[in-house]
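Given next are the chains, with one letter for each unit.
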Amino acid sequence: FQISFLLNENLKLGSRINFLHGINYLNFEKGDLYLYTSENNITPFSSIIQTDLLYKTSNANYFGFSNPGLSINFGAEYNFKNWKFLFDIRNLGFIYWQKNNELNQSNESYNFNGIYYTMDEIFSEEVDQTIDTLQNIFSLNESPSNNEISRLPIRTNINASYSINSSTDFFVKYFLIEKNNKNFIHHFFFGASKLFNNKTNLQIAYNFNNTGFENLQLGLSKRFKNLFIELNTNNLFSLFDFRSTNYLNFQTRLTYVF
């Protein structure tokens, strides 16, 4: 649900409230695995294996009222002659995970000194016992987990564009996308957009960010009466050659206006 209003002939403000439904949740809190070898233990070059793994999951059906969430977006638009300035901040909110919550954990240590064998023992049984022990070290114990609240990754957009005519704009954009509630991905765009027949818009830009340099943004939007279809990629080359970059980005949106 959204609302927008004009403060004056140049300044427009808007806000949107989003009601969300969480489908899949995966959170790695620990993911450590250690393997040590030492020649000073009981047997030469014995190995010490330690695991410290912990992750939480939650899942629900695509449709329903489980795992509810809420977020708020804010935006502003200012026009001055041929210039247009946009600012918005999105995903100020959370998702409450309470459907099929599980905690998966492995915190074990094992000192492997080899297989002990005497003439009174069966060799295959000793091997099987060692393999079972190693499997238990790496196995993840599942247990029900408490309800979890996760904050949504914040996204900020700043855009300045200059209109050459009624259908052609040059623009500079900046995106800030939060990653894992700790790190941020920065995107700078320099490009142009062209509107054809008031229905089809084509946008092309160079994308400079902190994940790669050989990036070309290509966006296409089409209007069919009240229906809007948008396709966009921030790295066109990655769609044809995954080795050329260390990330892939593709976005699509379907909007119907009543």
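Right, let's get into the overall build of the protein chain. Of the regular secondary structure elements, the protein chain holds 1 helix and 16 strands. Taking the contacts inside the protein chain whose residues are at least 6 apart along the sequence as the reference set, 53% of them involve residues at least 24 apart. In the structure as shown, the protein chain presents an accessible area of about 17800 Å², 59% of it carried by carbon and sulfur atoms.

Moving on: the environment of Glu102. Relative to the helices and strands, Glu102 is located in strand β7 (residues 102-112). Along the backbone, Glu102 and Asn147 are 45 residues apart, and their C-alpha atoms lie at a distance of 9.4 Å. The residues touching Glu102, leaving out its near neighbours within four places in the chain, are Tyr55, Lys56, Thr57, Glu142, Ser143 and Ser145.

Glancing now at the side chain of Ser161. With respect to the helices, strands and loops of the structure, Ser161 is situated in strand β10 (residues 155-163). For Ser161, a relative accessible area of 9% gives the class buried.

Bringing the confidence of the model for the protein chain into the picture now. On average, residues of the protein chain score 82 in pLDDT, and 81% of them reach the 70 mark or higher. Considering each helix and strand of the protein chain separately, the mean pLDDT is smallest for helix α1 (residues 123-138), with a value of 68, and largest for strand β5 (residues 68-80), with 95.

Under the defined criterion, the tally for this structure stands at 4 salt bridges. For Glu230, the salt bridge goes to Arg253, with nearest N and O atoms at 2.8 Å. Here Glu230, found in strand β15 (residues 227-233), pairs with Arg253, found in strand β16 (residues 251-256); they are 23 residues apart in sequence, far enough to count as distant. Relative accessible area serves as the criterion here: at 45%, Arg253 is assigned to the partly exposed category.

So, on to the packing of aromatic side chains. Using the criterion set out here, one finds 8 aromatic pairs in the structure. When the ring of Phe188 is compared with that of Phe208, the centres are 6.5 Å apart and the planes differ by 40°; the resulting orientation is tilted. Separated by 20 residues along the polypeptide, Phe188 in strand β12 (residues 183-196) and Phe208 in strand β13 (residues 200-209) bring together distant segments of the chain. On the basis of relative accessibility, which here comes to 33%, the residue Phe188 falls in the partly exposed class. The partly exposed category is assigned to Phe208, whose relative accessible area is 36%. Here the aromatic rings of Tyr256 and Phe258 are separated by 5.1 Å at their centres, their planes lie at 75°, and the arrangement is edge-to-face. The class for Tyr256 is partly exposed, based on a relative accessible area of 49%. Aromatic rings pair up to connect Trp83, Phe85 and Tyr162 into one cluster. Stacked on the ring of Phe171, the Lys or Arg Lys173 has its end atom at 4.9 Å from the ring centre. Looking at Lys222, its charged tip hangs above the ring of Phe224, at a distance of 5.6 Å from the centre.

Together, Phe196, Leu202, Ile204, Leu218, Leu220, Phe224, Ile229, Leu231, Phe250 and Leu254 line one region of the surface with nonpolar side chains, adding up to about 900 Å² of accessible area. Where the nonpolar patch is concerned, the elements lending two or more residues are β13, β14 (216-224) and β15. It is β14 that contributes the most residues to the nonpolar patch, 3 residues altogether. Take Leu218: it is sitting in strand β14.

Attention now moves to unusual backbone geometry. Phi at Lys81 takes a positive value of approximately 55°, unusual for a residue other than glycine. Following the sequence through the fold, Lys81 ends up in the loop between β5 and β6 (83-97). For Lys81, a relative accessible area of 75% puts it in the exposed group. At Lys225, a position not held by glycine, the phi torsion is positive, near 55°. Within the secondary structure, Lys225 sits in the loop between β14 and β15. Overall, Lys225 belongs to the exposed group, its relative accessible area being 73%.

Further remarks concern the side chain of Ser71. Within the fold, Ser71 resides in strand β5. Not counting residues up to four positions away in its chain, the partners in contact with Ser71 are Arg16, Ile17, Asn18, Leu20, Asn91, Leu92, Gly93 and Leu152.

Take the pairing of β15 next. In terms of strand pairing, β14 meets β15 through 7 bridges, oriented antiparallel. The partner of Phe224 across the bridge, within β15, is Leu227. Counted along the chain from β14 to the antiparallel partner β15, the turn is 2 residues long, and its residue Lys225 has a positive phi close to 55°. As defined by bridge partners, β15 adjoins β16 across 6 bridges and the pair is classed as antiparallel. Residue Leu227 lies in a different strand from β16, and its bridge partner there is Tyr256.

Basis of the calculations
- Residues numbered from 1 in each chain as written.
- Predicted model: local features only at pLDDT ≥ 70, side-chain atom pairs only at ≥ 80, totals over all residues.
- Heavy atoms only, no water.
- Helix = DSSP H or I, 4+ residues; strand = E, 2+ residues; numbered from the N terminus.
- Contact = heavy atoms within 4.5 Å.
- Areas by Shrake-Rupley, 256 points an atom, 1.4 Å probe, with all protein chains shown as cover.
- Buried < 20%, exposed > 50% of the residue type's maximum accessible area, 1.4 Å probe, protein only.
- pLDDT = per-residue confidence, 0-100.
- Salt bridge = Lys/Arg side-chain N within 4 Å of Asp/Glu carboxyl O.
- Phe/Tyr/Trp six-rings, centres within 6.5 Å; stacked < 30°, edge-to-face > 60°.
- Lys NZ or Arg CZ within 6 Å of the ring centre and 35° of its normal.
- Patch = residues over 30% accessible without salt bridge, like charges linked within 9 Å, V, L, I, M, F, W, Y side chains within 5 Å.
- Pairing = 2+ DSSP bridges.

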